[in-house]
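# A look at the structure
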Amino acid sequence: MERLRKIGDVVLKMEGISLAFGGVKALADVSFEVRAHEILAIIGPNGAGKSSMLNVINGFYRPQQGSITFHGRTRKQMEPHEAATQGIARTFQNIALFKGMSTLDNIMTGRNTMMKRNLLWQALYYGPALKEEIEHRAACERIIDFLEIEAIRRAPVGKLPYGLQKRVELGRALAAEPTLLLLDEPMAGMNLEEKQDMCRFILDVNDEFGTTIVLIEHDMGVVMDISDRVVVLDYGRKIAEGTPDAVRANQTVIDAYLGVAH
Amino acid sequence: MDVLFFLEVLIGGLLSGTMYSLVALGFVLIFKASGVFNFAQGTMVLFAALTFVRLVEMGWNFWLSIAVTFAAMIALAFAVERLVLRPLVNQPLIILFMATIGLTFFLEGFTQTIWDSNVHRLDLGIKDTPWDIRGMLVSQFDVFAAVAAGTMVATLAVFFNKTRIGRALRAVADDHQAAQSVGISLQHIWVIVWAAAGLVALVAGLLWGARLGVQFSITIVALKALPVLILGGFTSVPGAIIGGLIIGASEKLAEVYIGPFVGGAIENWFPYMLAMVFLLFRPQGLFGEKIIERV
Ligand SMILES: Nc1ncnc2c1ncn2[C@@H]1O[C@H](COP(=O)(O)OP(=O)(O)O)[C@@H](O)[C@H]1O
Ligand SMILES: [Mg+2]
């Protein structure tokens, strides 16, 4: 698939990341780079360390070794709050929505770091705070239109079908207007039609807003279709990296991953 | 049955119920944000009331004393977050619960060390003579307290439902990690809910203190919130409000209409029994979702 986009400079550089939980080595000396505007897929068998890597990027996990360079600043680990304010948004492998809230409210939380009115104004719920609330709501409505979820705007998300919940979760991440979007298995458990919709949204986000995307995906067809580059993990190690075609042809990858039923 | 008398008891019960709602709300806010049952809530009421009374006794202006006491409650919120919650983050909830028990004993000692352990009279300037409304006697003080508590509850309910902070609080209540992923700081939210619980403690302390005198036993108002929480659910703001009203009304009605048959004074234990019976049928509370364990 040909798309017109200029892949830019390196925005995120992971170097020598190692992470262990007790005796379990989730990540062992993994290095890779992410370039502006690209879609990078991380693949690998279950337990390979893919989710752990996303958790390191947005600061949920603190690696024992290695460094993270994001937008020119190098640090040993990320802080979740810092990641969010620096433009990193994410979705989760097991949907992590705010179940008691409506679709709109869930998406509104995504704008948390952009809303600046202080506690006092909010306590009064008046003036600037109210105006700000209205502006941000308009932005969320645009995301709702974009994701074609107008019909469930007011519905409590806990009761929505799985595919729609995944879409709302994407909406919440988009509401933050991220420069780097991390998607952990955005299409897991979806039927074919839902997968196609999700692919389309991901590509549109990448095209229209230039958002850099790192995604974890099991469906090889999807990976081949939408990603610019692929990083392959196995038992916490990086075993290959390259274009989808190159990775597909790589014998180590075939042995470790494609040959394995999952 | 005398309808007028029934209404009089009912109204009196509902009015005192708003105070239970208020205390319960203090618990609900902290529980929602952190999953912790704050054992120290009752002691916070004592700390607030005693601080206020002592400032007034030292000749301070009424409103200044309120402001300074509120500032002290906010300082307490910061201290609790920094010294108790933050070091224990990601520990099992039972550990946090134990920490609030520790906090209770510390705060009891601290309060009585910097102030004292005598009984203090607290005068809010409201007469406790009843109004006669078409033959019904309604306590003036009850009405005042209900209005104060009701305003407090309504303000907090709007704040936590309509604003960004409120949304952030509900987000934290639903999913810590997801909340952090959108840049909500747990520490920030904890300070806010503890400060809000401190404000609730202050208002409750003033109202109960004015009625019963400011003394150590004021900490037991917190126990009154337990049946309210069981009825209303630990995480529901509307639940705390309705639960408080139900407990308030039913304990007074029970005292008057059932009390005489069993020798009276059932007001003190009736709410707990009601809560226990309720637990058998709706353990998730009035507004909670039915919990079905996934197996
Ligand atoms: N929070 C955690 N505590 C303990 N072990 C973990 C934790 N997160 C991940 N692991 C372990 O790290 C390894 C990699 O897991 P994960 O990153 O979820 O793999 P993947 O997403 O590729 O399936 C697994 O062995 C998993 O059990
Ligand atoms: Mg995973």
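Basis of the calculations
- Residues numbered from 1 in each chain as written.
- Chains lettered and ligands numbered in written order.
- Predicted model: local features only at pLDDT ≥ 70, side-chain atom pairs only at ≥ 80, totals over all residues.
- Heavy atoms only, no water.
- Helix = DSSP H or I, 4+ residues; strand = E, 2+ residues; numbered from the N terminus.
- Rg over C-alpha atoms; globule rule 2.2 N^0.38 Å.
- Buried < 20%, exposed > 50% of the residue type's maximum accessible area, 1.4 Å probe, protein only.
- Contact = heavy atoms within 4.5 Å.
- Areas by Shrake-Rupley, 256 points an atom, 1.4 Å probe, with all protein chains shown as cover.
- Lys, Arg positive; Asp, Glu negative; His and termini not counted.
- Charge placed at Lys NZ, Arg CZ, Asp CG, Glu CD.
- Phe/Tyr/Trp six-rings, centres within 6.5 Å; stacked < 30°, edge-to-face > 60°.
- Polar contact = N/O pair within 3.5 Å; in protein donor to acceptor, adjacent residues only side chain to side chain.
- Pairing = 2+ DSSP bridges.
- Axes fitted to C-alpha atoms, helices over the stretch in contact; angles between N-to-C directions.
- Near = heavy atom within 4 Å.
- Nonpolar A, V, L, I, M, F, W, Y, C, P; charged D, E, K, R; others polar.
- Buried area = accessible area lost by both parts, 1.4 Å probe.
- Salt bridge = Lys/Arg side-chain N within 4 Å of Asp/Glu carboxyl O.
- Donors = N, O, S within 2.8 Å, 3.2 Å for Na, K, Ca; no water.

## What about the overall build of chain B?
Scanning chain B from N- to C-terminus turns up 11 helices and 2 strands. A compact globule built from 295 residues would reach a C-alpha radius of gyration of about 19 Å, and chain B, at 20 Å, matches this within 12%. For chain B, the spread of C-alpha atoms along the principal axes amounts to about 60 × 60 × 35 Å. Here chain B holds 295 residues, and the buried ones make up 52% of them. Sequence-distant contacts in chain B: of pairs separated by 6 or more residues, those separated by 24 or more amount to 74%. In the structure as shown, chain B presents an accessible area of about 13,700 Å², 69% of it carried by carbon and sulfur atoms.

## Points about the overall build of chain A
A tally of helices and strands in chain A yields 10 helices and 10 strands. Against the compact-globule benchmark of 18 Å for 262 residues, chain A has a radius of gyration of 19 Å, which places it among compact chains. Overall size of chain A, expressed as C-alpha extent along the three principal axes, is 60 × 40 × 40 Å. Scored against the burial criterion, the 262 residues of chain A give a buried share of 56%. Partitioning the intrachain contacts of chain A with sequence separation of at least 6 by distance along the chain shows that 67% fall at a separation of at least 24. A total of about 11,700 Å² of accessible surface is found on chain A, and carbon and sulfur atoms cover 52% of it. Here chain A holds 31 positive side-chain charges and 34 negative ones, and the gap between their average locations is 6 Å.

## Some points on the packing of aromatic side chains
Residues and elements named next belong to chain B. Scanning the entire structure with this criterion turns up 17 aromatic pairs over all chains. Taking 5.3 Å as the distance between ring centres and 50° as the angle between the ring planes, the aromatic pair formed by F31 and F234 counts as tilted. Separated by 203 residues along the polypeptide, F31 in helix 1 (residues 3-34) and F234 in the loop between helix 9 (221-232) and helix 10 (237-257) bring together distant segments of the chain. F31 gets classed as partly exposed once you look at its relative accessible area, which sits at 23%. Using a relative accessible area of 28% as the deciding quantity, one classes F234 as partly exposed. Ring geometry for F47 against F110: centres 6.3 Å apart, planes inclined by 40°, an arrangement best described as tilted. Placement of the pair is F47 in helix 2 (residues 41-57) and F110 in helix 4 (residues 93-114), with a sequence separation of 63 residues.

## With respect to the side chain of B:T100
All names here are of chain B. When you line up the elements, T100 lands in helix 4. A distance of 3.4 Å separates the side chain of T100 from the backbone oxygen of F37, its partner in a polar contact. Setting aside its immediate chain neighbours within four residues, T100 contacts V36, F37, N38, F39, A40 and W194.

## Quick word on the sheet that holds strand 10 (residues 237-242) of chain A
Residue and element names in this part refer to chain A. Read from one edge of the open sheet, 6 strands run 6-7-8-3-9-10, paired in mixed fashion. What marks the edges here is a single partner per strand, and that holds for strand 6 (88-90) and strand 10. Geometrically, the sheet is characterised by an average inter-axis angle of 20° between neighbouring strands, direction not taken into account.

## Some remarks on the site of ligand 1
Residue and element names in this part refer to chain A. Around ligand 1, the structure places F21, V24, A26, P45, N46, G47, A48, G49, K50, S51, S52 and Y61. The separation between an oxygen atom of ligand 1 and a polar main-chain atom of G47 is 2.8 Å. One nitrogen or oxygen atom from the main chain of A48 is found 3.2 Å from an oxygen atom belonging to ligand 1. In isolation ligand 1 exposes 560 Å². Once the protein is present, 64% of that is buried. Mapped onto the shell around ligand 1, the elements with two or more residues apiece are strand 2 (24-35) and helix 1 (50-57). With 3 residues, helix 1 is the single largest residue contributor to the shell around ligand 1. Grouping the amino acids of the shell around ligand 1 by side-chain chemistry returns 6 nonpolar, 5 polar and 1 charged.

## Things to note about the pairing of strand 10 of chain A
Across 5 bridges, strand 9 (residues 229-234) of chain A lies against strand 10 of chain A in antiparallel orientation. Across the sheet, residue A:L233 finds its bridge partner in strand 10 of chain A, namely A:K238.

## Points about the interface of chain A and chain B
Between chain A and chain B, the residue contacts involve 29 residues of the former and 21 residues of the latter. Of the roughly 2,200 Å² buried between chain A and chain B on both sides combined, carbon and sulfur atoms contribute 58%. Inspection of the chain A/chain B interface yields 2 salt bridges. A salt bridge links A:D105 to B:R167, with the shortest nitrogen-to-oxygen separation between them at 4.0 Å. Here chain A is connected to chain B by 5 residue pairs in polar contact (both at pLDDT 80 or more). For the side of chain A that touches chain B, the elements supplying multiple residues, two or more each, are helix 2 (80-85), strand 6, helix 3 (103-109) and helix 4 (119-124) of chain A. Along the lines of polarity and charge, the residues of the side of chain A that touches chain B split into 14 nonpolar, 8 polar and 7 charged.

## Thoughts on the coordination of the magnesium ion (ligand 2)
Think of it this way: four donors in a tetrahedron around the metal ideally sit 109.5 degrees apart, and six in an octahedron ideally sit 90 or 180 degrees apart. All names here are of chain A. Protein-derived coordination of the magnesium ion (ligand 2) comes from S51 (OG) and Q93 (OE1), at a distance range of 2.0 to 2.1 Å. You can see S51 sitting in helix 1 and its partner Q93 sitting in the loop between strand 6 and helix 3, a full 42 residues away along the chain. Assessed through its relative accessible area of 28%, Q93 is described here as partly exposed.

Purely geometric stuff here, so don't read any function into it on its own.
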